[in-house]
Amino acid sequence: MSVEVLRGAVSAPTTTVLSLDIFDTVVLRDGTTQVFRFVEAAELAAERLGVDPAPLTAMRLLSHDNAYRAIQMERPGADARFSALCEAATAPLGLGAHGAAVLAECELEADIARLKPNPRALAMIAEARERGMRVIAVSDTWYSAGDVERLLLSVLGEQPFDAIYTSSDVGASKHGGGIFDRVAVLEGRESLEFIHVGDTLDADLENPSAAGWGAAHVPRSRWHDLVRLSWKIRTLPMQARVGHS
Ligand SMILES: [Mg+2]
């Protein structure tokens with residue numbers, strides 16, 4: 001969708017709410033893989049806790065795999081809770097609640113260091129505000145709304161949303177599609193009042209469209225896809241080292 005078409009959709013009279021995806025839409029990741037960031041954060045947390053980084057790294061990756069396998073069986077399309085993931089990684093190592101809190105903090109810091117603002121998304125928010133629209137965020141993530149707020153304050157210097165909905169908090173996702181109806185109810189508005197914008201084809205265009213929302217797909221560039229691919233290749237030896245498939 002071109003910028004002009006998108007602008008037209010945002011300014012349609014029935015549209016009263018602009019909904020934005022967070023990751024790779026409002027804040028842009030540098031191309032690092034998830035596993036790379038987990039390892040980076042676990043090594044930082046191990047240093048702060050004064051423990052061996054290898055077991056903590058292995059447990060963090062294992063807690064992630066286990067949580068998402070269980071979710072796939074019990075409530076497909078949902079997300080794990082960040083606090084539970086960190087507790088599951090640190091408890092078997094006897095690091096307790098303090099260890100989980102340090103790991104969570106290190107993961108947020110590692111993520112923040114790899115994110116930068118997307119000026120185009122911020123301009124869209126400003127334009128929607130000028131039109132008197134409500135602006136919300138809808139994100140598929142294990143982070144809570146509070147975690148996302150903390151992250152936005154660090155990366156953008158502000159939290160520009162009236163409300164933040166995460167799949168982890170809501171218990172339904174964009175990927176599974178169920179979150180859109182839930183958000184419409186929570187917002188007390190009809191589906192046709194929303195326009196959602198994001199970088200993922202099914203989660204940010206097909207599924208909101210199926211739920212009756214207006215939607216626009218704004219993918220990252222091909223250049224970024226190449227950068228992401230090079231990071232994937234770079235992460236392979238790291239995955240082999242920690243025994244992660
Ligand atoms: Mg995204």
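If you're wondering where the values come from, they're calculated on a predicted model, not measured in any experiment. (Residues numbered from 1 in each chain as written. Predicted model: local features only at pLDDT ≥ 70, side-chain atom pairs only at ≥ 80, totals over all residues. Heavy atoms only, no water.)

(A) Local environment of the environment of Arg150. Tracing the backbone shows Arg150 in helix α7 (residues 145-156). For Arg150, a relative accessible area of 30% translates into the label partly exposed. Separated by 30 residues in the primary sequence, Arg150 and Arg120 have C-alpha atoms spaced 21 Å apart. Apart from the residues lying within four places of it in its own chain, the contact partners of Arg150 are Glu105, Leu108, Glu109 and Ile112. (Helix = DSSP H or I, 4+ residues; strand = E, 2+ residues; numbered from the N terminus. Buried < 20%, exposed > 50% of the residue type's maximum accessible area, 1.4 Å probe, protein only. Contact = heavy atoms within 4.5 Å.)

(B) Just the coordination of the magnesium ion, in detail. With distances of 2.1 to 2.2 Å, the protein atoms coordinating the magnesium ion are Asp21 (OD), Phe23 (O) and Asp199 (OD). All donors to the magnesium ion come from one chain, and their sequence spacing reads D-x1-F-x175-D. Residue Asp21 is found in the loop between β1 (17-20) and β2 (27-29), and its partner Asp199 is found in the loop between β6 (194-198) and α10 (201-210); the two are separated by 178 residues along the sequence. Accessibility assignment for this pair places Asp21 and Asp199 in one class, buried. (Donors = N, O, S within 2.8 Å, 3.2 Å for Na, K, Ca; no water.)

(C) Examining the side chain of Asp147 more closely. Mapped onto the fold, Asp147 is located in helix α7. For the buried residue Asp147, which engages in no salt bridge, the nearest side chain bearing the opposite charge is Arg150, 7.2 Å off. Apart from the residues within four sequence positions on either side, Asp147 is in contact with Phe82 and Leu108. (Lys, Arg positive; Asp, Glu negative; His and termini not counted. Salt bridge = Lys/Arg side-chain N within 4 Å of Asp/Glu carboxyl O.)

(D) Local environment of the packing of helix α3 (residues 53-74) against helix α4 (residues 82-90). Close contact between α3 and α4 brings their axes to 8 Å; oriented N to C, the two are set at 130 degrees. In terms of axis orientation, α3 runs oblique to α4. Crossing angle aside, the handedness with which α3 passes α4 is right-handed. Packed against α3, whose contacting residues are Leu56, Met59, Arg60, Ser63, His64 and Ala67, the element α4 presents Leu85, Ala88, Ala89 and Thr90 at the interface. Of the residues assigned to the contact of α3 with α4, the class counts are six nonpolar, three polar and one charged. (Axes fitted to C-alpha atoms, helices over the stretch in contact; angles between N-to-C directions. Parallel < 35°, antiparallel > 145°, perpendicular 65-115°, else oblique. Left-handed = near helix turned anticlockwise from the far one by under 90°. Nonpolar A, V, L, I, M, F, W, Y, C, P; charged D, E, K, R; others polar.)

(E) Quick peek at the pattern of salt bridges. Taken as a whole, this structure holds 16 salt bridges when the rule is applied. Measuring nitrogen to oxygen at the nearest pair gives 3.4 Å for the salt bridge that ties Arg131 to Glu127. One network of salt bridges, in which partners are shared, links Asp24, Arg220, Asp225 and Arg228.

(F) The arrangement of the nonpolar core in detail. Core analysis: the largest hydrophobic core is formed by 57 residues, its most contacted members being Leu18, Leu20, Ile22, Val27, Tyr143, Leu152 and Phe161. At nine residues, the largest contribution of residues to this core is made by helix α2 (residues 34-49). If you count residues domain by domain, this core takes at least three from each of domain 1 (3-31 + 118-223) and domain 2 (34-113). Contact partners of Ile22, with chain neighbours within four places excluded, come to Val27, Ala137, Val138, Ser139, Val148, Leu152 and Phe161. Tyr165, Ile179, Ala184 and Ala211 belong to the second largest nonpolar core, which has 14 residues in total. (Core = buried A, V, L, I, M, F, W, Y, C linked by side-chain atoms within 4.5 Å. Domains from an automatic or database assignment.)

(G) Main features of the packing of α2 against helix α5 (residues 96-113). Where α2 contacts α5, the axes come no closer than 8 Å and their chain directions differ by 135 degrees. Between α2 and α5, the interaxial angle falls into the category oblique. Crossing hand, α2 versus α5: right-handed. Contacts between α2 and α5 involve Arg37, Phe38, Glu40, Ala41, Ala42, Leu44, Ala45, Arg48 and Leu49 on the former and, on the latter, His98, Gly99, Val102, Leu103, Glu105, Cys106, Glu107, Glu109, Ala110 and Asp111.

(H) Representation of the domain arrangement of the chain within the structure. We note that the domain assignment places domain 1 (3-31 + 118-223) and domain 2 (34-113) within the chain. Each of domain 1 and domain 2 has a C-alpha centre, and the two are 26 Å apart. At the interface, 17 residues of domain 1 touch 19 residues of domain 2. Across the interface of domain 1 and domain 2, roughly 1,400 Å² is buried in total on both sides, 55% from carbon and sulfur atoms. (Buried area = accessible area lost by both parts, 1.4 Å probe.)

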